[in-house]
Amino acid sequence: MCHRSLVFKRYKSRLVPRRKRIPTINLSFPISIDRGRKKMEQFEPVTHVLFDMDGLLLDTEDLYTIATQEIVSKHGKDYTWDIKTTVMGFIGRDVAVALVEKMELPMTPDEYLQATGELLCKLFPTCKLLPGAERLLRHLHSKGVHIAVATSSSRENFELKTTHHGGVFQLFKHIVTGSSDPEVKAGKPAPDIFLICASRFPEPAPHPSKCLVFEDAPNGVKAARAAGMQVVMVPDPRMDPLLTQEATLVLKSLEEFKPELFGLPAFD
């Protein structure tokens, strides 16, 4: 049995050493230099970085909202922000099942997926990179830091979303697309996608505690923490602050991130 298989099986059985509790820090609020220095020392150094994609690297969340609202409005429903936050980060079919039930839509999950899929196929190629994404990715890649994507998207949708961003996404060691990867048995907030993503780095695969995750969704944050990883959250400004409390660090934008906080090479 290969080393990678052993590593992943160890993850699945949760034989992971107990890690230190790392406090959530929100740098969106001013802190004194002394207080900030003290807290920064409590971050654990990492060697590998995993990125969510939708709403973090690519500005796609509004596209999902547009498509979903167009479908549900035909049935007199409103796709509210509160409903949206409950399914952010879910894999495709889980979103369909949840929304059909929550919104009492007169359709099956498969019918919902087909209807939204037709709309999203036209919208996805128009998405743009979010502020700070390309700068951070090119920096980490240039410094030899191993980076990967762990997205709940399907491979087909991933290709559509990255139509005009191929140069940036070629920087990643690998891409895990949760909705179409047969190894991802459970979507976020389960830890599967992050553990699988970590196990696919060149050997020796990193221990979860050596991985830093970037997320924008509460379910993604829960998944990262369940995997035993630190997580930087960049939430939508409309997000209830209570839904960000499980993150290791909360930022307003990727532009604010300081790699050296986690033992990564600082920007030049």
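Residues numbered from 1 in each chain as written. Predicted model: local features only at pLDDT ≥ 70, side-chain atom pairs only at ≥ 80, totals over all residues. Heavy atoms only, no water.

**Remarks on the overall build of the protein chain**
Counting secondary structure elements, the protein chain contains eleven helices and seven strands. Across the 268 residues that make up the protein chain, the buried fraction comes to 49%. Counting contacts in the protein chain only where the partners sit at least 6 residues apart, residues at least 24 apart contribute 69% of the total. When the accessible surface of the protein chain is split by element, carbon and sulfur atoms take 54% of a total near 13100 Å². (Helix = DSSP H or I, 4+ residues; strand = E, 2+ residues; numbered from the N terminus. Buried < 20%, exposed > 50% of the residue type's maximum accessible area, 1.4 Å probe, protein only. Contact = heavy atoms within 4.5 Å. Areas by Shrake-Rupley, 256 points an atom, 1.4 Å probe, with all protein chains shown as cover.)

**Details of the pattern of salt bridges**
Scanning the model with the defined rule gives 13 salt bridges in all. Beyond isolated ion pairs, a larger network of salt bridges with shared partners links Asp52, Lys188 and Glu215. (Salt bridge = Lys/Arg side-chain N within 4 Å of Asp/Glu carboxyl O.)

**Let's talk about the packing of helix α5 (residues 92–102) against helix α6 (residues 109–123)**
Describing two packed helices takes the angle between their axes plus the distance from one axis to the other. It is the contact of α5 with α6, at a shortest axis distance of 9 Å, that shows an interaxial angle of 115 degrees. Comparing the axis directions of α5 and α6 gives the class roughly perpendicular. Helix-helix and strand crossings are classified by hand; for α5 and α6 the assignment is right-handed. Contact residues: Gly92, Arg93, Ala96, Val97, Leu99 and Val100 in α5; Pro109, Asp110, Tyr112 and Leu113 in α6. A per-class count over the contact of α5 with α6 returns seven nonpolar, one polar and two charged. (Axes fitted to C-alpha atoms, helices over the stretch in contact; angles between N-to-C directions. Parallel < 35°, antiparallel > 145°, perpendicular 65-115°, else oblique. Left-handed = near helix turned anticlockwise from the far one by under 90°. Nonpolar A, V, L, I, M, F, W, Y, C, P; charged D, E, K, R; others polar.)

**Structural notes on unusual backbone geometry**
Put simply, Lys188 and Pro189 share a cis peptide bond, and its omega is 20 degrees. Structurally, Pro189 is set in the loop between β4 (175–177) and α10 (192–199). Between Glu203 and Pro204 the backbone carries a cis peptide bond, its omega angle lying at 0 degrees. Following the sequence through the fold, Pro204 ends up in the loop between α10 and β5 (211–215).

**Focus on the pairing of strand β2 (residues 48–51)**
Of the two faces of β2, the one holding His48 and Leu50 and the one holding Val49 and Phe51 are both buried throughout. Across four bridges, β2 lies against strand β3 (residues 146–151) in parallel orientation. Within β3, the residue paired with Phe51 across the bridge is Val149. Relative to β5, β2 is paired through four bridges, and the arrangement is parallel. (Pairing = 2+ DSSP bridges.)

**Observations concerning the nonpolar core**
Nonpolar side chains in soluble globular proteins tend to end up buried together. Residues Phe51, Leu57, Ile147, Phe169, Phe172, Phe214 and Phe262 are the most contacted members of the largest nonpolar core, which totals 37 residues. Where this core is concerned, the elements lending two or more residues are β2, α3 (61–72), α7 (133–142), β3, α9 (166–169) and β5. Each residue touching Phe262, except ones within four places of it in the same chain, is listed here: Phe43, Glu44, Pro45, Val46, Leu212, Gln230, Val232, Thr248, Leu249 and Phe257. Within the second largest apolar cluster, 23 residues are counted, among which are Leu50, Ile196, Ala198 and Met233. (Core = buried A, V, L, I, M, F, W, Y, C linked by side-chain atoms within 4.5 Å.)

**A closer look at the environment of Thr248**
With a relative accessible area of 0%, Thr248 lands in the buried category. Sequence spacing of Thr248 and Leu212 is 36 residues, and the spatial spacing of their C-alpha atoms is 9.7 Å. Only 2.9 Å separates the side chain of Thr248 from the side chain of Arg225, close enough to count as a polar contact. (Polar contact = N/O pair within 3.5 Å; in protein donor to acceptor, adjacent residues only side chain to side chain.)

Purely spatial values, then, with no claim about function.
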